[in-house]
Amino acid sequence: MSPLPLIPGDILAKARLQADERGLDDVFIVDADAHHYELNSWAEVVEYIPDPIVRNLGRNPRPGRPGLIPPPLGTTDTVGRLMRGRPAPPPGDAHPDIAVTCDHMDAMGVDVSLVVPSLMQFLGLHPQANTELNIAYAYNQWLVEKIIPESPRIRPFLYLPFNTPDGCEKMIDRFGDAKGAAGFMISSTRYRAVHDNAYMRTYAMLEERGLPLAFHSGHDWLERPTDLVTRFLSVYAMSGAQFNMLHMTNWIVSGLPERFPELDLVWMEAGLAWLPYLMQRLDSNFAMRSSEAPALKRRPSDYMRDMYYTSHPIEATGDEAGMEALEHIFRRIDAPNRLMWASGFPQWNFDTPSALWDLPFLDDLTRRNILGGTAKKLFGLA
């Protein structure tokens, strides 16, 4: 991979230097959680919305009124002190979103990116389930027609409209055979019980097709616990992990790992620090109250070690105690076989491959597995 020119103000210039210094272009690297800013192509996406009323609302947002995807409360920009993008590549024949994504990938030495939408992660909180359903169909159809056929390096997760159970089934019927998709994802930022019987056919359909299911977490400043805090730092530290903890706890205690043993789950965007906490808490309480989880044949932590996780954000604190804690987490989740590196780019706290490569407690095989080997096996990547 030829070095890219270093542009003043380019936030990935250092990433390119890091990749060169470590020889990462010779390592197969998969970004298991790369973000797409879908609003950049919203004019294209909205034309695929099947409901003419919703489509017209998407075409004609009005000043002072929220659009179809209202932004979440709070800002990650820290009043402009953190950049979220880099200079756009020169115009070419590729779709602009493909060109931008591949440019980011080249700068970091990434071979394949598993892409998720950004603001759509908050559609689970939309009061109108029909809006989520229409946007999900439109976005998935746009991906299948415009993006996936044009770049084998970009493997998007298709969005499931989880507030509409029968809509999830129709989405899998419509797009489940789409070649080049990574699988399906559910935005965790919502208040729906994953163990509700209404979703059992959805899980069965995914399991039958061998399609991974990802839960991508996010934050909500307005949920009751976090509406007491006064800084986005606090919201981000608490809220994102809480949604994944909620859904994983219901998934395990309700016995879904036993009911769908061949369904591969991926938990995204919540970091890793919450995992040993939840393992310890669930195992301890299960030992005392196993009668309340009669479907389980093993400890909750054993099921958690059968699941997959993405690394972003890597919670490195820069001190010895923090590194020891991170090493402990890697051991508990079987990181060589279950952890996949993710950049989260272009979010404010994105991680480059070197953030994983430089961890001192990893051997070379583990580094290569986390950076790409595990994702290659799970998603059938070339």
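What counts and what doesn't
Residues numbered from 1 in each chain as written. Predicted model: local features only at pLDDT ≥ 70, side-chain atom pairs only at ≥ 80, totals over all residues. Heavy atoms only, no water. Helix = DSSP H or I, 4+ residues; strand = E, 2+ residues; numbered from the N terminus. Rg over C-alpha atoms; globule rule 2.2 N^0.38 Å. Buried < 20%, exposed > 50% of the residue type's maximum accessible area, 1.4 Å probe, protein only. Contact = heavy atoms within 4.5 Å. Areas by Shrake-Rupley, 256 points an atom, 1.4 Å probe, with all protein chains shown as cover. Pairing = 2+ DSSP bridges. Right-handed = clockwise from strand over helix to strand, strands pointing away. Axes fitted to C-alpha atoms, helices over the stretch in contact; angles between N-to-C directions. Left-handed = near helix turned anticlockwise from the far one by under 90°. Nonpolar A, V, L, I, M, F, W, Y, C, P; charged D, E, K, R; others polar. Core = buried A, V, L, I, M, F, W, Y, C linked by side-chain atoms within 4.5 Å. Phe/Tyr/Trp six-rings, centres within 6.5 Å; stacked < 30°, edge-to-face > 60°. Arc of directions from axis to C-beta. Polar contact = N/O pair within 3.5 Å; in protein donor to acceptor, adjacent residues only side chain to side chain. pLDDT = per-residue confidence, 0-100. 1 Å grid on protein atoms, 1.4 Å probe; cavity = no way out; pocket = protein on both sides within 12 Å on 5 of 7 lines; lining within 4 Å. Points joined across faces, edges and corners; volume = space filled by probe spheres on them. Salt bridge = Lys/Arg side-chain N within 4 Å of Asp/Glu carboxyl O.

Undergrad: Teacher, can you tell me more about the overall build of the chain here?
TA: A tally of helices and strands in the chain yields 15 helices and eight strands. Scaling as 2.2 N^0.38, a compact globule of 382 residues should have a C-alpha radius of gyration of about 21 Å, and the chain matches this with 20 Å. Dimensions of the chain, computed from C-alpha atoms along their principal axes, come out at roughly 60 × 55 × 45 Å. Put simply, the chain has 382 residues, and 54% of those count as buried. Sequence separation of 24 or more characterises 79% of the internal contacts of the chain that already satisfy a separation of 6 or more. If you sum the accessible surface of the chain, you get close to 17300 Å²; carbon and sulfur atoms cover 54% of it.

Undergrad: What should I look at first to understand the pairing of strand 3 (residues 154-159) in this one?
TA: Two faces make up the sheet, and in a regular strand the side chains alternate between them. Summarising burial for strand 3: six of the six residues are buried, a large majority. Summarising the sheet, strand 2 (residues 112-117) and strand 3 pair through three bridges and their orientation is parallel. In the sheet register, Val 115 faces strand 3, and the bridge partner there is Pro 156. In the sheet, strand 3 pairs with strand 4 (residues 183-187) via three bridges, with the strands oriented parallel. In the sheet register, Leu 158 faces strand 4, and the bridge partner there is Phe 184. Chirality of the crossover, the property in question, places the unit of strand 3, helix 6 (residues 165-175) and strand 4 among those that are right-handed.

Undergrad: Just checking my understanding: could you explain the environment of Tyr 203 for this structure?
TA: Relative to the elements of secondary structure, Tyr 203 occurs in helix 7 (residues 200-209). Measuring from C-alpha to C-alpha, the distance between Tyr 203 and Cys 168 comes to 9.6 Å, with 35 residues separating the pair along the chain. Dropping the residues within four chain positions of it, Tyr 203 is found in contact with Phe 162, Val 194, Leu 213, Trp 251, Leu 256, Phe 260 and Leu 263.

Undergrad: Hey, could you run me through the packing of helix 8 (residues 232-253) against helix 10 (residues 274-288) in this one?
TA: Working note: a packed helix pair is described by the angle between its axes plus the distance between those axes. Between helix 8 and helix 10, the shortest axis-to-axis distance is 11 Å and the interhelical angle comes to 35 degrees. Like other packed secondary-structure pairs, helix 8 and helix 10 cross with a definite hand, here right-handed. Taken together, the residues of helix 10 that come into contact with helix 8 (itself represented by Ala 241, Asn 244, Met 245, Met 248 and Thr 249) are Trp 274, Leu 275, Tyr 277, Leu 278 and Leu 282. Classifying every residue of the contact of helix 8 with helix 10 gives eight nonpolar, two polar and no charged.

Undergrad: Would you mind showing me how to read the nonpolar core here?
TA: General note: in soluble globular proteins, nonpolar side chains tend to be found buried as a group. In this structure, Tyr 203, Met 248, Tyr 309, Phe 330 and Phe 379 are the most contacted members of the largest nonpolar core, which totals 109 residues. Of all the elements, helix 5 (residues 129-147) adds the most residues to this core, at seven residues.

Undergrad: What's the story with the packing of aromatic side chains in this structure? I'm lost.
TA: Remark: the centre distance and the inter-plane angle together describe each pair of aromatic rings, the angle taken between the planes. In total, this model carries 12 aromatic pairs according to the counting rule given. Here Tyr 137 and Phe 175 contribute two aromatic rings whose centre-to-centre distance is 5.8 Å and whose plane-to-plane angle is 55 degrees, an arrangement assigned as tilted. Linking Tyr 137 in helix 5 with Phe 175 in helix 6, this pair joins segments that are 38 residues apart in sequence. By relative accessible area, Tyr 137 is classed as partly exposed at 26%. For Phe 175, a relative accessible area of 1% gives the class buried. With a centroid separation of 6.5 Å and 35 degrees between ring planes, the pair formed by Tyr 199 and Tyr 203 is classed as tilted.

Undergrad: Would you explain helix 3 (residues 52-59) in this entry?
TA: Residues of helix 3 that are buried include every one of Val 54, Arg 55 and Gly 58, and no others. Burial along helix 3 is one-sided: seen end-on, the buried residues are contained in an arc of 100 degrees. Opposite its buried face, helix 3 presents the exposed residues Pro 52 and Ile 53, each directed more than 90 degrees away. By the N-cap criterion, in which a side-chain oxygen at the helix start approaches the backbone nitrogen of a residue two or three places on, helix 3 is capped by Asp 51, the distance to Ile 53 being 2.9 Å.

Undergrad: Quick question: what am I supposed to make of the sheet that holds strand 8 (residues 339-340) here?
TA: Hydrogen bonds between backbone groups are what pair the strands of a sheet, and the pairing can be parallel or antiparallel. The parallel open sheet is built from eight strands, whose spatial order is 1-2-3-4-5-6-7-8. Two strands close off the open sheet at either side, each with one partner strand: strand 1 (30-36) and strand 8.

Undergrad: Teacher, can you tell me more about the confidence of the model for the chain here?
TA: Atomic detail in the predicted coordinates should be set aside for any region of low pLDDT. Here the chain shows a mean pLDDT of 90. Residues at 70 or above account for 91%. For the stretch residues 1-8, pLDDT sits under 50, and the model shows 14 contacts to residues farther than four places along the chain or on other chains.

Undergrad: Help me understand empty space enclosed by the protein in this model?
TA: Left-over empty space is what a probe sized like a water molecule reveals as it rolls over the atoms. Under the defined criterion, the tally for this structure stands at one cavity of 30 Å³ or more. Taken as a whole, the largest cavity encloses approximately 70 Å³ of empty space. His 36, Asp 97, Ile 98, Thr 101, Val 115, Tyr 139, Trp 142, Leu 143, Ile 147, Ile 154 and Pro 156 are the residues that line the largest cavity. Sorting the residues of the lining of the largest cavity by element identifies helix 4 (96-108), helix 5 and strand 3 as the ones contributing at least two each. By residue number, the principal contributor to the lining of the largest cavity is helix 5, which donates four residues. Here the residues of the lining of the largest cavity sort into eight nonpolar, two polar and one charged.

Undergrad: Looking at this structure, how should I read the pattern of salt bridges?
TA: Between side chains of opposite charge, a pair can form as their charged atoms come close. Enumeration according to the criterion identifies 16 salt bridges in this entry. When the shortest N-O distance is used, the salt bridge between Arg 59 and Glu 47 registers 2.7 Å. Of this pair, Arg 59 sits in helix 3 while Glu 47 is found in the loop between helix 2 (42-45) and helix 3, placing the two residues 12 residues apart along the sequence. With its nearest N and O atoms 2.7 Å apart, the salt bridge here joins Glu 132 to Arg 190. With Glu 132 in helix 5 and Arg 190 in the loop between strand 4 and helix 7, the pair connects residues that are 58 residues apart, well separated along the chain. The network of salt bridges with shared partners includes Asp 283, Arg 299, Asp 302 and Arg 305.

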